[in-house]
Amino acid sequence: RFIAKPCAINLGIQDSGPHRAQPNAILEKVFTSITKSPDGRRLEGLAKQLDWDVRKIQRWFRHRRNQDKPTTLTKFCESMWRFTFYLSIFFYGIRFLWTAPWFWDTRQCWYNYPFQPLTSRLYYYYILELAFYWSLMFSQFTDIKRKDFLIMFVHHLATIGLITFSYMNNMVRVGTLVLCLHDASDFLLEAAKLANYAKYQRLCDAFFMLFGVVFIVTRLGIYPFWILNTTLFESWELIGPYPSWWLFNGLLLTLQLLHVIWSYLIVRTAYKALVRGKV
């Protein structure tokens, strides 16, 4: 309200929504109770009932669908909030982990486990991340609805489960590596969205391409060969198959499956962008 909205207005983003459909009780009832995209047969029946032209009814349904969509200003404000958090928490994590021995040698995650100290900086890093993902879990039902709603819901469940579970089992060292790795690309995607809403097309394309490269390198390269390697093999070697080993790695492998799905979508989008000339 006090930061993102003024920024959006200064960039020329208007707070005006799409054209609203004229009030009509019959069409509104069909829209809310039966279908938002009526077929040809239903359109003809409504045209006879209202004595309207079929194209006029199609236009009404199009306007009615569009008026439920959030404004560009609303989407800009949401993305700016997420961009601010992801960027801040990423730099906090990098600054904290740079001096941590397990950042340079993942075997340090398991030495003297589970008797490893929980420092205040590590604690705040974990609590901030957990609080944010809980907020995403709840706000997902009230925020802007997107096509990947179900996948994001599974992602939030897996993330919250991993953060909580690793905290309870004092697996916070490897947990910080997972968190920092995931934050590395998220702020780039939100930056691309911000540029898109502000109609800076070249900047949007550059951010999206950079996001795609960082996402694929971190999620399909570093994550399996660095994170999964230490949780699957180094932990087994150093502390053995502890009782929660299967659940912990099962959640991490679920995240990897989601990484593969999203990477496919990113590559497909980038390919279409190259063919079409813009993202």
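Residues numbered from 1 in each chain as written. Predicted model: local features only at pLDDT ≥ 70, side-chain atom pairs only at ≥ 80, totals over all residues. Heavy atoms only, no water.

With an unreviewed UniProt entry as reference, the protein chain is termed CERS5 synthase, source organism Galbula dea. The protein chain has a UniProt comment under Catalytic activity (unreviewed entry) that states "sphinganine + octadecanoyl-CoA = N-(octadecanoyl)-sphinganine + CoA + H(+)". (UniProt positions renumbered as here; feature names shortened; annotations may be inferred.)

## Observations regarding the overall build of the protein chain
For the protein chain, the helix and strand inventory stands at eleven helices and zero strands. Listing each helix as α and each strand as β along the protein chain from the N terminus yields α-α-α-α-α-α-α-α-α-α-α. Its C-alpha radius of gyration of 24 Å places the protein chain more than 25% over the 19 Å reference for a compact globule of 279 residues. Along the three orthogonal principal directions, the C-alpha set of the protein chain runs to about 80 × 40 × 40 Å. Per-residue burial over the protein chain gives 45% buried out of 279 residues. Intrachain contacts of the protein chain at a sequence separation of at least 6 include 79% that bridge at least 24 residues. Of the roughly 16,100 Å² of accessible surface on the protein chain, a fraction of 63% belongs to carbon and sulfur atoms. The average position of the 32 basic charges and that of the 18 acidic charges among the side chains of the protein chain differ by 7 Å. (Helix = DSSP H or I, 4+ residues; strand = E, 2+ residues; numbered from the N terminus. Rg over C-alpha atoms; globule rule 2.2 N^0.38 Å. Buried < 20%, exposed > 50% of the residue type's maximum accessible area, 1.4 Å probe, protein only. Contact = heavy atoms within 4.5 Å. Areas by Shrake-Rupley, 256 points an atom, 1.4 Å probe, with all protein chains shown as cover. Lys, Arg positive; Asp, Glu negative; His and termini not counted. Charge placed at Lys NZ, Arg CZ, Asp CG, Glu CD.)

## A few points about the nonpolar core
The tendency in soluble globular proteins is for nonpolar side chains to be buried as a group. Counting 55 residues, the largest nonpolar core has Tyr-86, Leu-97, Trp-102, Leu-177, Tyr-223, Phe-248 and Leu-252 as the members making the most contacts within it. Listed by contribution, the elements that provide at least two residues to this core are α5 (72-97), α6 (101-104), α7 (120-139), α8 (149-168), α9 (172-197), α10 (201-239) and α11 (245-276). It is α9 that contributes the most residues to this core, eleven residues altogether. (Core = buried A, V, L, I, M, F, W, Y, C linked by side-chain atoms within 4.5 Å.)

## Thoughts on the packing of aromatic side chains
Per the counting criterion, the structure on display carries 26 aromatic pairs. The interplanar angle of 65 degrees and the centroid separation of 6.1 Å between the aromatic rings of Phe-85 and Tyr-86 together place this pair among those described as edge-to-face. Tyr-86 shares its class with Phe-85; the two are buried. Between Tyr-126 and Tyr-167, the aromatic rings sit 6.1 Å apart at their centres with planes inclined by 35 degrees, giving tilted as the arrangement. Of this pair, Tyr-126 sits in helix α7 while Tyr-167 sits in helix α8; the two residues are 41 residues apart in sequence, bridging distant segments of the chain. By way of ring pairs, the aromatic residues Trp-81, Phe-85, Tyr-86, Phe-132 and Tyr-133 are connected into one cluster. (Phe/Tyr/Trp six-rings, centres within 6.5 Å; stacked < 30°, edge-to-face > 60°.)

## Focus: the domain arrangement of the protein chain
Reports of interface size often rely on the accessible area that becomes lost once the parts have come together. By domain assignment, the protein chain separates into domain 1 (19-68) and domain 2 (72-277). Each of domain 1 and domain 2 has a C-alpha centre, and these two points are 43 Å apart. (Domains from an automatic or database assignment.)

## Description of unusual backbone geometry
In this chain, Tyr-113 is followed by Pro-114 through a cis amide linkage whose omega measures 5 degrees. Within the secondary structure, Pro-114 is located in the loop between α6 and α7. A positive phi angle, near 60 degrees, is found at Asn-170, a position not held by glycine. By the element assignment, Asn-170 lies in the loop between α8 and α9.

## Concerning the packing of α8 against α11
Look at α8 against α11: their axes get within 10 Å of each other, and the N-to-C directions meet at 150 degrees. One finds that α8 runs roughly antiparallel with respect to α11. Crossing of α8 against α11: the hand is left-handed. Residues Ile-151, Met-152, Val-154, His-155, Ala-158, Thr-159, Gly-161, Leu-162, Phe-165 and Ser-166 of α8 lie in contact with α11, whose contacting residues are Leu-247, Phe-248, Leu-251, Leu-252, Thr-254, Leu-255, Leu-258, Ile-261 and Trp-262. Each residue belonging to the contact of α8 with α11 can be placed in one class, and the counts come to 14 nonpolar, five polar and no charged. (Axes fitted to C-alpha atoms, helices over the stretch in contact; angles between N-to-C directions. Parallel < 35°, antiparallel > 145°, perpendicular 65-115°, else oblique. Left-handed = near helix turned anticlockwise from the far one by under 90°. Nonpolar A, V, L, I, M, F, W, Y, C, P; charged D, E, K, R; others polar.)

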